[in-house]
Amino acid sequence: MATAEISMDDALFAHVLEAAGENLSEWIATACLHRLLKQGVRAAVTWEREHPAEAAAARAEEAARQLEAEAESEVRYQAEEAARRRGGDGAEPTAEEIAAAEARVRVLFERADRKLRGQQEGEQ
């Protein structure tokens, strides 16, 4: 762990001590982290303003990745539930149960996609 000497005026130090409670080092480390995060967010916002097309593409790509991960998770959950109903706890899903889960999830995501596209068209 690194150590540092910090200089500040007495009034500010009194406020920091009061806010920090018993763990001054942790409070200062948290304050520094918040400052760095705030600067990172500002830089990201500035970049998005200066590069709107790239930012929109990056958000769409991330949304697609998240949806794919959610779909995979939902397929796994539904297949495991089907296996559990069939054979109790610890039963493994069959190929048919996995295929059925994939089909159900595909229908759900297609329905959600149609609804989202309809809302987007309504906003334009």
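Predicted model, so just to flag it, every value in this text is computed and none were measured.

Q: Let's hear about the environment of R86: which residues, and what values?
A: When you line up the elements, R86 lands in helix α3 (residues 52-87). C-alpha of R86 to C-alpha of E97: the two residues are eleven residues apart in sequence and 10.0 Å apart in space. Sequence-distant contacts of R86, that is, excluding residues within four places in its chain, are made with A91, E92, P93, T94 and E97.

Q: If you had to explain the layout of surface pockets to someone new, which residues and values would you point to?
A: The volume enclosed by the largest pocket comes to roughly 360 Å³. Surrounding the largest pocket, 13 residues form its lining, A2, A4, I6, S25 and I28 being those nearest its centre. Considering each element in turn, the lining of the largest pocket owes the most residues, six residues, to helix α2 (residues 24-50). For the lining of the largest pocket, the residue count by class is ten nonpolar, two polar and one charged.

Q: Outline the nonpolar core, listing residues and values.
A: In summary, soluble globular proteins display a tendency toward joint burial of nonpolar side chains. A71, V75, A79, A101 and V105 form the largest nonpolar core, which has five residues in total. Only α3 and α4 (95-123) provide two or more residues apiece to this core. Among the elements that take part in this core, α3 stands out by supplying three residues, more than any other. Filtering out sequence-adjacent residues up to four positions away, A79 remains in contact with P93, E97, I98 and A101.

Q: So, the pattern of salt bridges: which residues are in play, and what are the values?
A: Tallied over the entire structure, the rule returns six salt bridges. Notably, a salt bridge pairs E62 with R65, separated by 2.7 Å at the nearest N-O pair. Here the residue E62 and the residue R65 both occupy positions in helix α3, the gap between them amounting to three residues, near one helical turn. You can call R65 partly exposed: its relative accessible area is 43%. The closest approach of N and O atoms between E97 and R86, which form a salt bridge, is 2.7 Å. Pair noted here: E97 is in helix α4 and R86 is in helix α3, with a separation of eleven residues, a long-range link. Owing to a relative accessible area of 12%, E97 belongs among the buried residues under this scheme. Assessed through its relative accessible area of 47%, R86 is described here as partly exposed. Through salt bridges with shared partners, a single ionic network connects E61, E62 and R65.

The rules behind the values
- Residues numbered from 1 in each chain as written.
- Predicted model: local features only at pLDDT ≥ 70, side-chain atom pairs only at ≥ 80, totals over all residues.
- Heavy atoms only, no water.
- Helix = DSSP H or I, 4+ residues; strand = E, 2+ residues; numbered from the N terminus.
- Contact = heavy atoms within 4.5 Å.
- 1 Å grid on protein atoms, 1.4 Å probe; cavity = no way out; pocket = protein on both sides within 12 Å on 5 of 7 lines; lining within 4 Å.
- Points joined across faces, edges and corners; volume = space filled by probe spheres on them.
- Nonpolar A, V, L, I, M, F, W, Y, C, P; charged D, E, K, R; others polar.
- Core = buried A, V, L, I, M, F, W, Y, C linked by side-chain atoms within 4.5 Å.
- Buried < 20%, exposed > 50% of the residue type's maximum accessible area, 1.4 Å probe, protein only.
- Salt bridge = Lys/Arg side-chain N within 4 Å of Asp/Glu carboxyl O.

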